[in-house]
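# Survey of secondary and tertiary structure
Here are the chains, one letter per residue:
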Amino acid sequence: MLRSAGVIEAGAQEREGSVVRRALAPSTPAALRGAAAILVVGTVALAAIALDIADDRLAAVDHIADEATPLLVDSESLYVALAGADAAASTAFLEARIEPHGRREEYLGSVAHAARELADISRSGVTVAATDAVTTMTERLPRYAGLVEVARTNRLLGHPVGDAYQRHASRLLRDELLPNATTVFELATRDVHASYRSGTSTRGESILLLVGGVLVLVLVATQVFVAVRTRRFLNLGLLGATAAAVGLTVLTTTLLGAQRDALSDSQRRGSDPLVLLATTRILVLRSVADVNLDLVEQGTETEHMADFAAVTAEIDSVEGGLLPTTRAIADDDTMRTSVETIDGRYADFLATQERVRALADEKDYPTAIELATTELAVAAAALDDALDAATTTARRRLEQHAAAAEDGLRPLPLVIALGALLIGAAALGGLWPRLKEYR
Amino acid sequence: MRRTVAVVCLVAAGCSSSDASSVAIDALAALDVEVSTPTTEATASTTTSPDRARCEQDGLETVSYAPLEPLGAPGEVPPGSFMAELQQRGRLFVGVDESTPGLAERDAGEIVGFEVDIAREIATQIFGSADGRVVTVPLTPDEKVDLAADGTVDLTISAVTMTCDRWDDVDFSAEYFRAHQKFLARQDSPIATDADLAGRRVCVTGSSSRRILEDHTRAQPEERPARTDCLVALQEGEVDAYFSHDSFLFGMLQQDPTLQVLDLLPPELTVTHYGIATAKGRVELVQFVNAVLAELFVDGTWSRLVTTWLVEPLSFPPQDPPRWPATFREVPA
């Protein structure tokens, strides 16, 4: 009957601890409500992050397809048009006073094409850095065309001053128009590169996997809690929510990965060769102009052939030249064949140019000019055609793979929204009956 | 190095390098660096040689070497001479202008004119015929002495004014044509006297014209590389007048009838004696050329060429063949 004082005090302390524990530990319904709130917040966070990543990727793909690539192609086309106009005008300078048939149409067509490309580039919302270049070209192109017209009129009248006007026009084009066209092309190239980096980054998938993994852990922890507190080991709602969370995370990550692969293909098989070939085409046109100008000035200006040598090195050098690089990245028979064709025609062009050079070194300028305006012009045109065809193929591939990337991303927002709803509904559906039991 | 790294990365699988864009941008950037070109050493002397001092003191700029005597039949040249070397080579390289109507201009791909025909007469005497023997090399005004001095061309026949400082760099033939420097301006120009030139922008292409302008007027000279560049500058309103030889200016009137030639300075200041320039040390060639010129003066060919190329088409004032000084330069030992 009688208990020791120590036993009585221990019992009182135990009862006091139990009260404290009951006061601090949440009740089961409170815990369940807390878990529901955490799961809802977690699901919303997963959905928001996934949507944000999908949106960024879609923006990058759209930018590549609808803005960056068209600007790249337009700026290359602008350079080709300007260089073509000057080639037509300066070739007429080398030829007889009587304008060869078709030369006038060639020149006018090139100038009109250049004007259209400038208008397209202006409308496309170029960057601030490119605006100055576009503005300069828009202002100076009419001046160039005016000088060429005066040159032509004087030439038709047999006035030697026409040649001076042609020299002035060519100088304006080389010193003001073409460098600005190159600037826009360079900026477009950098923009394409930056867009691909953004669109193929793996950072988004990493974040998604992390957030999805945390949500799944929380769902599993909730199921364990519910099983312990309610002694019901199988909660279909929470199980379903867990499966939906795993499924949404894996599906979204897979779709993003597929988009990244498609975009990488677009870059590797489309954008990379496009940039290299477009740059090659620009430099080939520059070297043609160098040869023409050297003949016009009959070797008294050494800068033109020095530039020709520098340009040839950039195109052809084994150590990182544009054509060897293009050859190295060609990964299918079509592109390899295209590059082989270009290589062959470039070799023809260089061989013909060497014959022109040999005649010029002998000061046999009439024969050199005859060769330059016939065989060399034909070789240059054939090379330009091959570059144009290969560039068109590369662009088509870029667009195909970019479209595939875009198609893969399109359903993603809906998938994410539905997946999030499913997770939320299943989780709440699993917790609600348990909560009702405590009413 | 960076380009090589980029290329390696492009080829290797799974590499996320700076890629094709960098290769392309580097190629363009490399060409933006100004390509260094070999510069030809300036051949103009900067110190006054004893010969030049004497030349200037005694007015010897138009004194050349005595003509070769006798001048053989066309195709006959002294054996072992420079002319024999030219015969061996088969061609005569002649520096000319290509945009001066009357003197030398491009027509249907060929350069033709009074000075080209002088070259053809010299070639005929060397080779027996000029057909296919004369290679005309177009020069800008600032090249005509240098390219003769360094032997790039055998002769420069391009309105080269005989001056004492140029005798340091080249040898000249005897005078083959005489011009006067005048002004080309718009017909509505306010310039009517030399006083009106004060503060006006006047285009020049050569040092002799610039010197006259700076020493005797208050005009502001503006240089251009070629004669037609000055005409363009005048037509575009970049300059108010063009000061140069009347042998050029009359040809420009033909190209633009809205212009006029103004004679604003005394003739003794503006007289310009043309000589055929060749590299130093070819005295026998100079004597040969002088002999040809003398023949052309005597047999009427010179007068016929002046009439054909200058008087009739351009209304250039008729002139007689230049009178040479009574003495000749001493042949160096």
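Numbers given to residues run from 1 along each chain, matching the order in which its sequence is written. Here every chain gets a letter starting at A, and every ligand a number starting at 1, in the order they are written. The model is predicted, so local features are restricted to residues of pLDDT at least 70 and side-chain atom pairs to those at 80 or more, both for listing and for counting; the totals for chains, interfaces and linings are taken over all residues. Hydrogen atoms and water are omitted, and side-chain values are computed over all heavy atoms in the structure.

### Here we look at the packing of aromatic side chains
Residue and element names in this part refer to chain A. Stacked, edge-to-face and tilted labels apply to pairs of Phe, Tyr and Trp rings (six-membered ring for Trp) whose centres lie within 6.5 Å, assigned for plane angles under 30 degrees, over 60, and everything in between, in that order. Going through the model one piece at a time under the given rule, you end up with 14 aromatic pairs over all chains. Aromatic pair Tyr346 and Phe349: ring centres 6.2 Å apart, planes at 20°, arrangement stacked. With Tyr346 and Phe349 both in helix H10 (residues 333-361), this residue pair falls 3 residues apart, about one helical turn. The buried label goes to any residue with under 20% of its type's maximum accessible area, the exposed label to any with over 50%, and the partly exposed label to all in between, with areas taken from a 1.4 Å probe on protein chains only. Residue Tyr346 is classed as buried on the basis of its relative accessible area, which comes to 2%. Helix and strand assignments come from DSSP, with helices taken as H or I runs of at least 4 residues and strands as E runs of at least 2, each series counted from the N terminus.

### Some thoughts on the packing of helix H7 (residues 236-296) of chain A against H10(A)
Residue and element names in this part refer to chain A. Axis definition: a line fitted to C-alpha atoms, limited for helices to the stretch in contact. Angles are taken between N-to-C directions and run from 0 to 180 degrees. Orientation of H7 relative to H10, taken along the N-to-C sense of each, is 15°, at an axis distance of 12 Å. Taken as axis vectors, H7 and H10 run roughly parallel relative to one another. Like other packed secondary-structure pairs, H7 and H10 cross with a definite hand, here left-handed. Residues Pro273, Leu277, Val284, Ser287, Val288, Val291, Asp294 and Leu295 of H7 lie in contact with H10, whose contacting residues are Met335, Ile342, Tyr346, Phe349, Gln353, Val356, Arg357 and Ala360. Working rule for angles: under 35 degrees goes down as roughly parallel, over 145 as roughly antiparallel, 65 to 115 as roughly perpendicular, anything else as oblique. Crossings are assigned a handedness: left-handed for a near helix turned anticlockwise from the far helix by less than a right angle, right-handed for a clockwise turn. Should any heavy atoms of two residues lie within 4.5 Å, those residues are counted as being in contact.

### Things to note about the confidence of the model for chain B
Taken over all residues, the pLDDT of chain B has a mean of 87, while the share at 70 or more is 89%. Values of pLDDT, which run from 0 to 100, indicate the predictor's confidence residue by residue. A low-confidence stretch, residues 34-46 of chain B (pLDDT under 50), is modelled with 15 contacts involving residues beyond four sequence positions or located in other chains.

### Quick notes on the interface of chain A and chain B
Counting residues at the interface gives 44 residues for chain A, matched by 48 residues for chain B. Of the roughly 3,900 Å² buried at the junction of chain A and chain B (both faces included), carbon and sulfur atoms supply 59%. What counts as buried area is the accessible surface, traced by a 1.4 Å probe, that two parts surrender upon association, with contributions from both included. When the buried area of chain A at its contact with chain B is split by residue, Pro160(A), Glu314(A) and Lys363(A) rank highest and sum to 14% of it. Basic side-chain nitrogens of Lys or Arg form a salt bridge, by our definition, when they fall within 4 Å of a carboxyl oxygen of Asp or Glu. For the pair chain A and chain B, the number of links is 2 salt bridges. Across the salt bridge formed by Arg167(A) and Asp229(B), the nearest N and O atoms sit 3.0 Å from each other. Whenever two N or O atoms come within 3.5 Å, that pair is a polar contact, provided that in protein one can donate a hydrogen and the other can accept it, and provided that, for residues adjacent in sequence, both atoms are side-chain atoms. Along the contact surface separating chain A from chain B lie 8 residue pairs in polar contact (both at pLDDT 80 or more). Only helix H4 (128-156), helix H5 (161-199), H7, helix H8 (303-316) and helix H9 (322-329) of chain A provide two or more residues apiece to the side of chain A that touches chain B. Element by element, the count of residues in the side of chain A that touches chain B is highest for H5(A), at 11 residues. Taken together, the residues of the side of chain A that touches chain B break down into 15 nonpolar, 15 polar and 14 charged. Ten residue types, Ala, Val, Leu, Ile, Met, Phe, Trp, Tyr, Cys and Pro, are classed as nonpolar, four, Asp, Glu, Lys and Arg, as charged, and the remainder, Gly among them, as polar.

### Focus: the sheet that holds strand E4 (residues 110-112) of chain B
All names here are of chain B. Should DSSP find at least two bridges between two strands, the strands are taken to pair. Taken in spatial order, the 3 strands line up as E2-E3-E4 in an open sheet, and their pairing is antiparallel. Only two strands of the sheet have a single partner each, and these edge strands are strand E2 (99-100) and E4. Note that E2 and strand E3 (residues 104-107) share 2 bridges and pair antiparallel. Note that in E3 the partner of Thr100 across the bridge is Ala104.

### Notes on the pattern of salt bridges
Scanning the entire structure with this criterion turns up 40 salt bridges over all chains. Where Arg143(A) meets Glu236(B), a salt bridge forms, and the shortest distance between an N and an O atom there is 2.9 Å. With one member in each of two chains, Arg143(A) in helix H4 and Glu236(B) in the loop between helix H9 (227-235) and strand E11 (241-245) form a pair that bridges those chains. Taking relative accessible area as the criterion, Arg143(A) reaches 31% and is therefore assigned partly exposed. Classification of Glu236(B) by relative accessible area gives partly exposed; the value is 31%. Here Glu222(B) makes a salt bridge to Arg224(B), at a shortest N to O gap of 3.5 Å. On the accessibility criterion, Arg224(B) (18% relative accessible area) is buried.

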